Amino acid sequence: MKTDKVIRFMATVEGNCMEAVGIRNGDMVLVGKNIPPRNGDIVVCEIAGREAVKMYLGRTADGFAVCTRYKDSGRNKSYIAQTIAGVVTEIYARRAYMDIDVAERFEREEKRKEEEARYGGSNIGGPGLAALLMRNFDEYKGI
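If you're wondering where the values come from, they're calculated on a predicted model, not measured in any experiment.

Draft legend 1. Examining the overall build of the protein more closely. Summing up its helical and strand segments, the protein has two helices and seven strands in all. Helices and strands appear in the protein in the N-to-C order β-β-β-β-β-β-β-α-α. Burial analysis of the protein (143 residues in total) assigns 28% to the buried set. Summarising the internal contacts of the protein: among those between residues at least 6 apart in sequence, 47% fall at separations of at least 24. About 10200 Å² of surface is accessible on the protein, with carbon and sulfur atoms providing 53% of the total.

Draft legend 2. Region of the structure containing the side chain of Asp41. Secondary-structure assignment places Asp41 in the loop between strand S2 (28–32) and strand S3 (42–47). We note that Asp41 is buried and unpaired, the nearest opposite charge coming from Arg38 at a distance of 4.0 Å. Within polar-contact distance, the side chain of Asp41 engages the backbone nitrogen of Arg38 at 2.8 Å.

Draft legend 3. Looking closely at the environment of Gly22. The topology assignment puts Gly22 in the loop between strand S1 (8–12) and S2. Judged by relative accessible area, Gly22 falls into the partly exposed class, the value being 30%. As for Gly22 and Ile91, which are separated by 69 residues in sequence, their C-alpha atoms are 8.4 Å apart.

Draft legend 4. Up close: the sheet that holds S1. Sheet architecture is open: seven strands sit in the order S1-S2-S7-S3-S4-S5-S6, paired in antiparallel fashion. Two strands lie at the open edges of the sheet, namely S1 and strand S6 (78–81), each paired on one side alone. Geometrically, the sheet is characterised by an average inter-axis angle of 50° between neighbouring strands, direction not taken into account. As paired elements, S3 and strand S7 (residues 83–92) share four bridges and run antiparallel to each other. For Val43, the partnering residue across the bridge sits in S7 and is Val87.

Draft legend 5. Region of interest: the side chain of Lys54. You can see Lys54 is positioned in strand S4 (residues 50–59). Apart from residues no more than four positions distant in its own chain, Lys54 is found in contact with Cys17, Met18, Asp41, Ile42, Val43, Cys45, Ile47, Val66, Cys67, Thr68 and Tyr79.

Draft legend 6. Up close: the packing of aromatic side chains. Summed over the entire model, instances satisfying the criterion amount to one aromatic pair. Judged by centre distance (6.3 Å) and plane angle (45°), the ring pair of Tyr56 and Phe64 falls under tilted. Like Tyr56, the residue Phe64 is buried in the burial classification. Cation over ring: Arg75 sits above Tyr70, and NZ or CZ is 3.9 Å from the ring centre.

Draft legend 7. How the structure looks around the nonpolar core. Formed by 14 residues in total, the largest nonpolar core has its most connected members in Met18, Ile23, Val29, Ile42, Val53 and Val88. Excluding residues within four positions of it along the chain, Ile23 makes contact with Val13, Met18, Val29, Ile42, Val53 and Ile91. Ranked by size, the runner-up nonpolar core spans nine residues in total, among them Cys45, Ile47, Tyr56 and Val66.

Thresholds applied
Note on numbering: residues in each chain are counted from 1, in written sequence order. For a predicted model such as this one, the threshold for reporting local features is a pLDDT of at least 70, and the threshold for listing and counting side-chain atom pairs is 80 or more; totals across whole chains, interfaces and linings nevertheless cover every residue. Only heavy atoms go into the side-chain values, all of them from the structure, while hydrogens and water stay out. Secondary structure counts use DSSP, requiring at least four H or I residues in a row for a helix and at least two E residues in a row for a strand, with both numbered from the N terminus. When a residue's accessible area, from a 1.4 Å probe over protein chains only, is under 20% of the maximum for its type it is buried; when over 50% it is exposed; and in between it is partly exposed. Working rule for contacts: check all heavy atoms of both residues, and any pair within 4.5 Å makes them a contact. Throughout, the Shrake-Rupley method with a 1.4 Å probe supplies accessible areas, and for residues the shown protein chains are the sole cover considered. Neither His nor the chain ends is counted toward charge; the positive residues are Lys and Arg and the negative residues Asp and Glu. The rule for a salt bridge is simple: a side-chain nitrogen of Lys or Arg has to be within 4 Å of a carboxyl oxygen of Asp or Glu. Here a polar contact is taken to be a pair of N or O atoms separated by no more than 3.5 Å, where protein atoms must pair a possible hydrogen donor with a possible acceptor and residues adjacent in sequence count only if both atoms sit in side chains. For two strands to count as paired, DSSP must find a minimum of two bridges between them. Throughout, an axis means a line fitted to C-alpha atoms (over the contacting stretch in the case of helices), and angles, computed between N-to-C directions, take values from 0 to 180 degrees. The criterion for an aromatic pair is that two Phe, Tyr or Trp rings (for Trp, the six-membered ring) have centres within 6.5 Å, with stacked assigned to planes under 30 degrees apart, edge-to-face to planes over 60 apart and tilted to the rest. A ring is scored as having a charge over it whenever the NZ atom of a lysine or the CZ atom of an arginine sits within 6 Å of its centre and within 35 degrees of its normal. Nonpolar cores are built from buried Ala, Val, Leu, Ile, Met, Phe, Trp, Tyr and Cys residues. Side-chain atoms within 4.5 Å join them into one set.

Bear in mind that shape data such as this cannot, by itself, settle questions of function.
This is the structure we're talking about:
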């Protein structure tokens, strides 16, 4: 029985071998498991017993031809994958806040709480938000 429903799973990327196509270390990818790959698709595959994210090049007698896509094209390599787990359908970039160390996050939270107290709370649309926006606007104008 054939189904049109795509079976999906998420995977976290390790390494930067696909950075030329916008996939970096720590990004998450949504993978369609039952989507047949086409030349140029980004796929999750198995190479020498390890899962990897690579660019699909086509089927060979030995398996599936895939390659890396580094920004420095001299580093790109081709591989033969034993299996294709699925085609990447979406990329979720690692959020910027994950790069901020704990001390900096704590400092930002303390500053937010201080501004909340100074400008009358943080209720959306209330006087706290308006005062905060005006203060930021005044700082922007250099007042």
